[in-house]
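Here are the chains, one letter per residue:
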Amino acid sequence: MRAGLSLADLPLVDAHCHPVFVGPGEARGSLSRAEFERMLGEADRPAPLGVSYADSLLGAAVRRWCAPPLGLPAGTPLDTYLDRRAEVGPAEAARRLLGAAGLSYLLVDTGIGGTDGPGSDWWSVRGLASAADAVGREVVRLESVAEGLADSGVAAGDFADAYVDALATATQNAVAVKSILGYRHGFDVDPRRPSRAEVTVAARDWLLTRRRDAEAELDVGSSARLRDEVLLRFVLWSGLDRGLPVQLHTGFGDRELRLTSVNPALLQPFVEAAEPVGTPLVLLHCYPYHREAGWLAAVYPHVYVDFGLTVGQVGARAGAVLAEFCELAPFGKLMFSTDAYRLPERYLVGAAQFRHSFGRLLREWWRDGDLTARDAERVAAMVGGDNARRLYAIDG
Amino acid sequence: MRAGLSLADLPLVDAHCHPVFVGPGEARGSLSRAEFERMLGEADRPAPLGVSYADSLLGAAVRRWCAPPLGLPAGTPLDTYLDRRAEVGPAEAARRLLGAAGLSYLLVDTGIGGTDGPGSDWWSVRGLASAADAVGREVVRLESVAEGLADSGVAAGDFADAYVDALATATQNAVAVKSILGYRHGFDVDPRRPSRAEVTVAARDWLLTRRRDAEAELDVGSSARLRDEVLLRFVLWSGLDRGLPVQLHTGFGDRELRLTSVNPALLQPFVEAAEPVGTPLVLLHCYPYHREAGWLAAVYPHVYVDFGLTVGQVGARAGAVLAEFCELAPFGKLMFSTDAYRLPERYLVGAAQFRHSFGRLLREWWRDGDLTARDAERVAAMVGGDNARRLYAIDG
Amino acid sequence: MRAGLSLADLPLVDAHCHPVFVGPGEARGSLSRAEFERMLGEADRPAPLGVSYADSLLGAAVRRWCAPPLGLPAGTPLDTYLDRRAEVGPAEAARRLLGAAGLSYLLVDTGIGGTDGPGSDWWSVRGLASAADAVGREVVRLESVAEGLADSGVAAGDFADAYVDALATATQNAVAVKSILGYRHGFDVDPRRPSRAEVTVAARDWLLTRRRDAEAELDVGSSARLRDEVLLRFVLWSGLDRGLPVQLHTGFGDRELRLTSVNPALLQPFVEAAEPVGTPLVLLHCYPYHREAGWLAAVYPHVYVDFGLTVGQVGARAGAVLAEFCELAPFGKLMFSTDAYRLPERYLVGAAQFRHSFGRLLREWWRDGDLTARDAERVAAMVGGDNARRLYAIDG
């Protein structure tokens, strides 16, 4: 971290990401600009007339960081970039972009996207690891295990025990579990562990509704998903009992969440109730409530913070936002990840923007006398990977 | 936007402002320092002993940007400035300040302040346009139309239909409507369109209370104003039906609002309920919840964000706050306005501070490689006017 | 404030601090690193394995500002620093650190920590003043007076009158009172002054519970403390009646508070109810809700803002956070303090970081044309001490 030094060659641990899509576009050719734009941000709907989602700090970051690995100058117009991407082909583009990201580990939440396998258009834990020349490890989504159990025809009275078993099996090789309570309900929940009787009653209702909707051939999109408050708490507490670090979606994401319900400060009663268990809690993303998250990490020993989605999405503003994350949280509790999904561009944008912006921030603090050079070097290594390696025991 | 280039000559669209006062002060002479200070910020009460509202970033911005058009150096002490302003006279001062703002369009919310006309101390749509050498267009305040209708003696059973007719008439030449739900109630409302029966019942109560208070010669300040939750929703939904963009006051303002109730994120249920109608929603001001507003604009196609009051009020901090607005929102959804009212200084401060601070921000992003020069030029034009021209169809 | 000028020699008023501990560590020797770390931040628990609270912007600020007065270079590793601190001895270290802080007045909240006196390990108002070569004045904590009264065996029916008398006695030489409603309940309270009958009923319940718990030799930690909503409001309103400025804990602190309940914007109904009394309200700390606090100070004449704990805790980020405090609040309403407690390092970190960061911020605003040199000089003097001297009448 001396003058001229940087995070350019630091091997990063991507502590939270998802499978990548390497298949054709909807029209079976390469991704159209509209598809690409929709996959890029969190909108998932076409922009209104006259507006492009790529006209954003995120779009500018994609053109800055992703054009060079495809042999184009940084800042290339998006249409030119997409033409070259189509020429290169999605799999080769993904390999180049993932390769340029410089990741040593990828911790992959497999709860969305497809799976690895012959003929699959998705690369999950193994495919990503291979393309990135990194080690891939799995993060298991707590709600997905419950939904798989419901699909299997479990009886309501057996739900609680069967879930614990299913989670043990699903996490045999996992390094963490993940909760999307923020999406499915929001954080205004009873913080306590539900009783076995409560779980059975709630499971009965959910399983019954699911079966009725399926038999009536209704769109089961909503009842198939776990949204019941009691069951969401049950799977979260089961995750705590499992002992692996629990990653929690907090802060912004797509429109399926209520922004006012995902402020991590709302989790404070749960954080306190969970403390005696001893399992670490990792707050993901956090924005725009990242200062609240930093306070929780500063006062609760078992709370950690992962920048997640935030660094990649805000592009040029990553340094300013990262600085806010650092205001209260100890550096030993902060972690990088990309939260990348579907587009390989998101892995590289997350990693490259983090290297650039966090490196610049640390150099400024060193130059201004706030940190020593040795401090800055240590903090870069801690936040870029050492904290995650220790927390998830991935070198063990 | 090359090095040395700037937004200095960009013709701006002021997408939200109000009438300007060009009359004498309370003592029939020029404005006293106390009056000027009270009109400047959002306090509307005298400051306590030893405190001046002009000792603020806003006060410093006034002295920086408004002294030169009156022939004084930037930063001139406020008393000297006010002496010169009195010499020049309020109308001539207004002409010089408005002229220096470089506005090409003014979209004027006529719901507060006086009207144009011979002998009037106010310049509204026509007066402002003439003084600024710009095109003036009207923004109609939804609540004012309802209050006008109540004054006209409408029957409760006719209220709903009569309101739709009155709004159609009032907006014949308007480019947008404006809601002050944030002031009158806050955003913790039922998001749904109220039924006709609910409107009739609510109208009966409101009209009755108004009449009683007026007959009893009570101060009708409160009952004369529309504060009923059902009717506020009704006029908002009627505004959506009208099809013109709906501007919503969100975020800070004067003390008549509860700050915790005007976080635009609280509007998320309404934003979703309104989406099928297809009418654009423009979130004004937003501060200190502008990051929340940026997220709404990023995930809901019909949501836009207008900086409004914020840029002018925070003076030297405008660049930092504008940067936060840009973190998630697509550039095609962000708009400049002054939200100026009463004091001509506020038009110029809003415009000059925006040119200075947003220009500087874009140059930094260009210099640091975050945006290309072409990007920066396009973004300046979009945010400074093109987005508003497209959204409000004011070139049509 | 010309180029090269700074706040280095400005005599600061520390408008809110606490007693300092100069005794030995738990093992009767010098403070261990673990003890020092725990006293430094707000965690008050050991950090988890692999994490150090000193690896933070706060820890870096301590090593930057506190090493030189102990004869070590800025940025010295913490272990070396603690060795030197042990050599020097706690009392001499405290004298050097307090001396280097350059404080002219210390307003000491005596509600936590020990008292001055022969053999005491604490320096309170007199001890601090003597060590800092400054004037010390007392700030009386409203809840402590109530708890002292309860200890004295007051009857419930006499509680209200006796409290007013006790507060008058306790504040005879005080310059302010302090409320920790934020800690004891949060700001979702009825804003109104409780009736005498309500106070008597609430006092009866509280005194009874206290007595029972004491007789049963239960841990009276919780019932001994005043947590009753009615009584908390009563002591706050009694504080208003006393006429001295009322300091209110708002924003972050240790884990005893619920972060979502201490947003000062939640105090708006109380601020309005209190306005007719005319007593100034000082919002302490505020972070991460300091923009909300700035708005309150901008629109309510009787509201002031004190940076408190925030400046010291965020170290390198102090300038950025101070800039946010200044966005809306008039400079005549903003005040410096350290909120230092226990560790003498916290007085110096607060003062030195403020001088450094606020000075730099003002120089930037001057260099960029936002403020004149004269403005910057005045603002530094106002915020660093003049506002507090006027508000607390401490030169009177």
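Residues numbered from 1 in each chain as written. Chains lettered and ligands numbered in written order. Predicted model: local features only at pLDDT ≥ 70, side-chain atom pairs only at ≥ 80, totals over all residues. Heavy atoms only, no water.

Looking at an unreviewed UniProt entry, one finds chain A named Amidohydrolase-related domain-containing protein and attributed to Actinopolymorpha singaporensis.

Teacher, can you tell me more about the environment of G315(C) here?
All names here are of chain C. As for its position among the elements, G315 is in the loop between α14 (309-313) and α15 (318-325). As for G315 and S104, which are separated by 211 residues in sequence, their C-alpha atoms are 22 Å apart. Other than its neighbours up to four places away in sequence, G315 contacts L57, A61, Q353 and S357. (Helix = DSSP H or I, 4+ residues; strand = E, 2+ residues; numbered from the N terminus. Contact = heavy atoms within 4.5 Å.)

Explain the nonpolar core here, please?
Burial of nonpolar side chains together is a common tendency in soluble globular proteins. Ranked by size, the top nonpolar core spans 403 residues in total, and within it F159(A), F159(B) and F159(C) carry the most contacts. If we skip the residues at most four places from it in the chain, F159(A) touches A146(A), L149(A), V154(A), V199(A), A203(A), W206(A), L231(A) and F234(A). (Core = buried A, V, L, I, M, F, W, Y, C linked by side-chain atoms within 4.5 Å. Buried < 20%, exposed > 50% of the residue type's maximum accessible area, 1.4 Å probe, protein only.)

Quick question: what am I supposed to make of the sheet that holds strand β1 (residues 12-17) of chain B here?
Each strand in a sheet pairs with another by means of backbone hydrogen bonds, the pair being arranged parallel or else antiparallel. Residues and elements named next belong to chain B. Here we have 8 strands laid out as an open sheet, ordered β1-β3-β5-β6-β7-β8-β9-β10, and parallel in their pairing. What marks the edges here is a single partner per strand, and that holds for β1 and β10 (334-335). Of the strands in this sheet, β3 (103-109) and β5 (135-141) touch helix α5 (residues 125-132), which is tilted by about 165 degrees from β3. Each of β6 (174-179), β7 (246-250) and β8 (281-285) is contacted by helix α11 (residues 229-242), which is oriented at about 145 degrees to β7, the strand it contacts most. (Pairing = 2+ DSSP bridges. Axes fitted to C-alpha atoms, helices over the stretch in contact; angles between N-to-C directions.)

Would you mind showing me how to read the UniProt feature "domain: Amidohydrolase-related" (unreviewed entry) in chain A here?
UniProt tags residues 241-393 of chain A as "domain: Amidohydrolase-related" (unreviewed entry). When the span residues 241-393 of chain A is considered, its composition is 49% helix and 10% strand, and the gap between its end C-alpha atoms is 17 Å. (UniProt positions renumbered as here; feature names shortened; annotations may be inferred.)

Looking at this structure, I do not really get the packing of aromatic side chains. What am I missing?
What characterises a pair of aromatic rings is the spacing of the ring centres plus the angle enclosed by the ring planes. All names here are of chain A. Across all of its chains, the model carries 45 aromatic pairs over all chains by this definition. Ring geometry for F252 and Y287: centres 5.4 Å apart, planes at 70 degrees, overall edge-to-face. In this pair, F252 sits in the loop between β7 (246-250) and α12 (268-274) while Y287 sits in the loop between β8 (281-285) and α13 (290-299), placing the two residues 35 residues apart along the sequence. Just as F252 is buried, Y287 falls in that class too. One aromatic cluster is present, formed by F307, F325, F336, F354 and F358 through successive ring pairs. Its guanidinium or amino end placed over the ring of Y304, K333 lies 5.2 Å from that ring's centre, counting from NZ or CZ. (Phe/Tyr/Trp six-rings, centres within 6.5 Å; stacked < 30°, edge-to-face > 60°. Lys NZ or Arg CZ within 6 Å of the ring centre and 35° of its normal.)

What is the right way to look at the relation of the copies chain B and chain A in this model?
The pair of chain copies shares a relation made of a rotation about an axis and a shift along it. If you rotate chain B by 120 degrees and push it 0.0 Å along the axis, it lands on chain A with an RMSD of 0.0 Å. Here the two chains are linked by the operation of a three-fold rotation axis. Minimal C-alpha separation from the rotation axis in chain B is found for A320(B), amounting to 5.5 Å. Of the residues that chain B buries at the interface, just 3% are likewise interface residues in chain A, meaning the two copies contact each other through different surfaces. (Least-squares fit on C-alpha atoms with pLDDT ≥ 70 in both.)

It is not clear to me how the interface of chain B and chain A should be interpreted in this structure. Could you clarify?
In many reports, interface size means the accessible area that the parts give up when they come together. With 35 residues of chain B at the interface, the matching set in chain A holds 36 residues. Between chain B and chain A, roughly 3,000 Å² of surface is buried when both sides are summed, and carbon and sulfur atoms account for 54% of that area. Among the residues chain B hides against chain A, the three largest losses belong to R291(B), W295(B) and E327(B). Together they make up 20% of the total. The salt bridge involving R360(A) is made with D368(B); its shortest N-O contact spans 3.1 Å. For the pair chain B and chain A, the interface holds 14 residue pairs in polar contact (both at pLDDT 80 or more). Those elements that place two or more of their residues in the side of chain B that touches chain A are α12 (268-274), α13 (290-299), α15 (318-325) and α17 (373-391) of chain B. At 5 residues, the largest contribution of residues to the side of chain B that touches chain A is made by α13(B). (Buried area = accessible area lost by both parts, 1.4 Å probe. Salt bridge = Lys/Arg side-chain N within 4 Å of Asp/Glu carboxyl O. Polar contact = N/O pair within 3.5 Å; in protein donor to acceptor, adjacent residues only side chain to side chain.)

Got a minute to help me understand helix α6 (residues 142-151) of chain C in this structure?
Since there are 3.6 residues in each turn of an α-helix, residues three or four apart along the chain are aligned in direction. Residue and element names in this part refer to chain C. For α6, a buried count of 7 out of 10 residues is recorded, marking the element as mostly surrounded by other parts of the structure. Considered for burial, the residues of α6 that qualify are L142, E143, V145, A146, E147, L149 and A150. Phi for G153, located one or two positions after α6, is positive at around 85 degrees.

Can you help me understand the state of the cysteines in this one?
In a disulfide, the sulfur atoms of two cysteines are covalently bonded to one another. Residues and elements named next belong to chain A. Considering all chains together, one arrives at 0 disulfides over all chains under this definition. C66 supplies the cysteine sulfur nearest to C17, a cysteine that is in no disulfide, at a spacing of 15 Å. When its relative accessible area of 0% is taken as the criterion, C17 is described as buried. (Disulfide = S-S within 2.5 Å.)

In this structure, what is going on with the pattern of salt bridges? I would like to understand it.
Pairing is possible between side chains that carry opposite charge, provided their charged atoms lie close to one another. Evaluation of the coordinates by the stated rule reveals 92 salt bridges over all chains. As a salt-bridge pair, D375(B) and R63(A) come within 3.1 Å of each other at their nearest N and O atoms. In this pair, D375(B) sits in helix α17 while R63(A) sits in helix α2 (residues 57-66), so the two residues belong to two different chains. Overall, the relative accessible area of 10% leaves D375(B) in the buried class. D190(C) is paired through a salt bridge with R192(C); the nearest N and O atoms lie 2.9 Å apart. Among the residues examined, R192(C) registers a relative accessible area of 56% and is labelled exposed. Through salt bridges with shared partners, a single network forms among R291(A), R317(A), E324(A), E327(A), R291(B), R317(B), E324(B), E327(B), R291(C), R317(C), E324(C) and E327(C).

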